[in-house]
Amino acid sequence: MGIAHTLLGEHPVWGAYLDNLHVAHGLKRQGIGTRLLALTGQEVVAWSPSSGLYLWVLEQNSNARAFYAARGGACVERAETPPPGGDPARLNGKPMGLRYAWPDLSKLFG
Ligand SMILES: CC(C)(COP(=O)(O)OP(=O)(O)OC[C@H]1O[C@@H](n2cnc3c(N)ncnc32)[C@H](O)[C@@H]1OP(=O)(O)O)[C@@H](O)C(=O)NCCC(=O)NCCS
């Protein structure tokens, strides 16, 4: 199965923040991620019809990037990834993150 976790109203421009999306190993490429994203979008629109949705993905996560692009997400920003727990020792190098956004969810999931 899978999990999606979203923080509503997290950003004044980009809207709700999808901070965790995972499909169980062995169940990928069966449409579960698409379904979780659609359910997330529906909930966000139900909460606030004008809200967008965004997330951050590591630049090297090419599988997830391909998924978000296939689902209509636009890459709108590139930035250094903050260290986990704010501890620089927990970062290896300077990984970059990409913000993917869906500014108008009503067209996609309304
Ligand atoms: C990214 C993730 C959520 C996608 O979920 P999924 O259930 O495998 O995706 P879907 O089956 O709904 O895929 C829909 C479409 O996205 C694209 N896509 C999905 N995974 C892809 C991959 N590995 N490579 C290329 N395209 C991919 C395809 O166009 C796919 O359609 P198709 O299978 O008919 O070709 C899942 O792979 C995952 O949990 N990855 C590990 C955790 C992770 O990286 N999460 C994101 C952190 S930001």
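Our subject is the structure that appears above.
Here we summarise the structure given alongside this text. A quick note: this is a predicted structure, and the numbers were derived from the prediction, not measured.

## Some words on the sheet that holds strand β5 (residues 96-102)
In any sheet, the strands associate via hydrogen bonds between backbone groups, in a parallel or an antiparallel arrangement.
Part 1 of the argument: Read across the sheet, five strands follow the order β1-β2-β3-β5-β4 without closing on themselves; strand pairing throughout is mixed. With partners counted over all chains shown, the strands left at the sheet margins are β1 (2-11) and β4 (74-80), one partner each. Direction aside, the axes of adjacent strands within the sheet are offset by 30° on average.
Part 2 of the argument: Inspection of the sheet shows β1 paired to strand β2 (residues 15-23) by seven bridges, in the antiparallel sense. Paired with histidine 11 across the bridge in β2 is glycine 15.
Part 3 of the argument: Sitting on the sheet, helix α1 (residues 32-47) touches β1, β2, β3 (53-58) and β5, and the angle it makes with β1 is about 30°.

## Some remarks on the pattern of salt bridges
Part 1 of the argument: On inspection of all chains with the given rule, the structure shows three salt bridges.
Part 2 of the argument: Put simply, glutamate 77 and arginine 99 hold a salt bridge, and the shortest N to O gap is 2.9 Å. Of the two residues, glutamate 77 sits in strand β4 while arginine 99 sits in strand β5, which places them 22 residues apart along the sequence.
Part 3 of the argument: Its salt-bridge partner being glutamate 80, residue lysine 94 comes within 4.0 Å of it at the nearest N-O pair. Here lysine 94, found in the loop between β4 and β5, pairs with glutamate 80, found in strand β4; they are 14 residues apart in sequence, far enough to count as distant. You'll find lysine 94 and glutamate 80 in the same group, each marked exposed.

## Comments concerning the packing of aromatic side chains
Part 1 of the argument: Scanning all chains against the criterion turns up four aromatic pairs.
Part 2 of the argument: Judged by centre distance (5.1 Å) and plane angle (15°), the rings of tyrosine 17 and tyrosine 54 are stacked. With tyrosine 17 in strand β2 and tyrosine 54 in strand β3, this residue pair connects regions lying 37 residues apart in the sequence.
Part 3 of the argument: Take tyrosine 54: its relative accessible area is 5%, and that puts it in the buried class.
Part 4 of the argument: Between tyrosine 68 and tryptophan 102 the ring centres are 6.0 Å apart and the planes differ by 80°, which places this aromatic pair in the edge-to-face class. Taken together, the residues tyrosine 68 in helix α2 (residues 62-70) and tryptophan 102 in strand β5 connect sequence positions 34 residues apart.
Part 5 of the argument: Look at tyrosine 68 and you get buried, because its relative accessible area is 8%.
Part 6 of the argument: The class of tryptophan 102 is buried, set by a relative accessible area of 2%.

## Here we look at the site of the ligand
Part 1 of the argument: Around the ligand, a shell composed of 20 residues is seen, among which Val23, Arg29, Gly31, Gly33 and Thr34 lie nearest.
Part 2 of the argument: The separation between an oxygen atom of the ligand and a polar main-chain atom of glycine 31 is 2.8 Å.
Part 3 of the argument: Contact with the protein chains removes 73% of the 920 Å² of surface that the ligand exposes when unbound.
Part 4 of the argument: Of all the elements in the fold, those that place two or more residues in the shell around the ligand are β2, α1, β3 and α2.
Part 5 of the argument: By residue number, the principal contributor to the shell around the ligand is α2, which donates six residues.

Rules used throughout
Residues numbered from 1 in each chain as written. Predicted model: local features only at pLDDT ≥ 70, side-chain atom pairs only at ≥ 80, totals over all residues. Heavy atoms only, no water. Pairing = 2+ DSSP bridges. Helix = DSSP H or I, 4+ residues; strand = E, 2+ residues; numbered from the N terminus. Axes fitted to C-alpha atoms, helices over the stretch in contact; angles between N-to-C directions. Contact = heavy atoms within 4.5 Å. Salt bridge = Lys/Arg side-chain N within 4 Å of Asp/Glu carboxyl O. Buried < 20%, exposed > 50% of the residue type's maximum accessible area, 1.4 Å probe, protein only. Phe/Tyr/Trp six-rings, centres within 6.5 Å; stacked < 30°, edge-to-face > 60°. Near = heavy atom within 4 Å. Polar contact = N/O pair within 3.5 Å; in protein donor to acceptor, adjacent residues only side chain to side chain. Areas by Shrake-Rupley, 256 points an atom, 1.4 Å probe, with all protein chains shown as cover.

Structural measurements only, silent on function.
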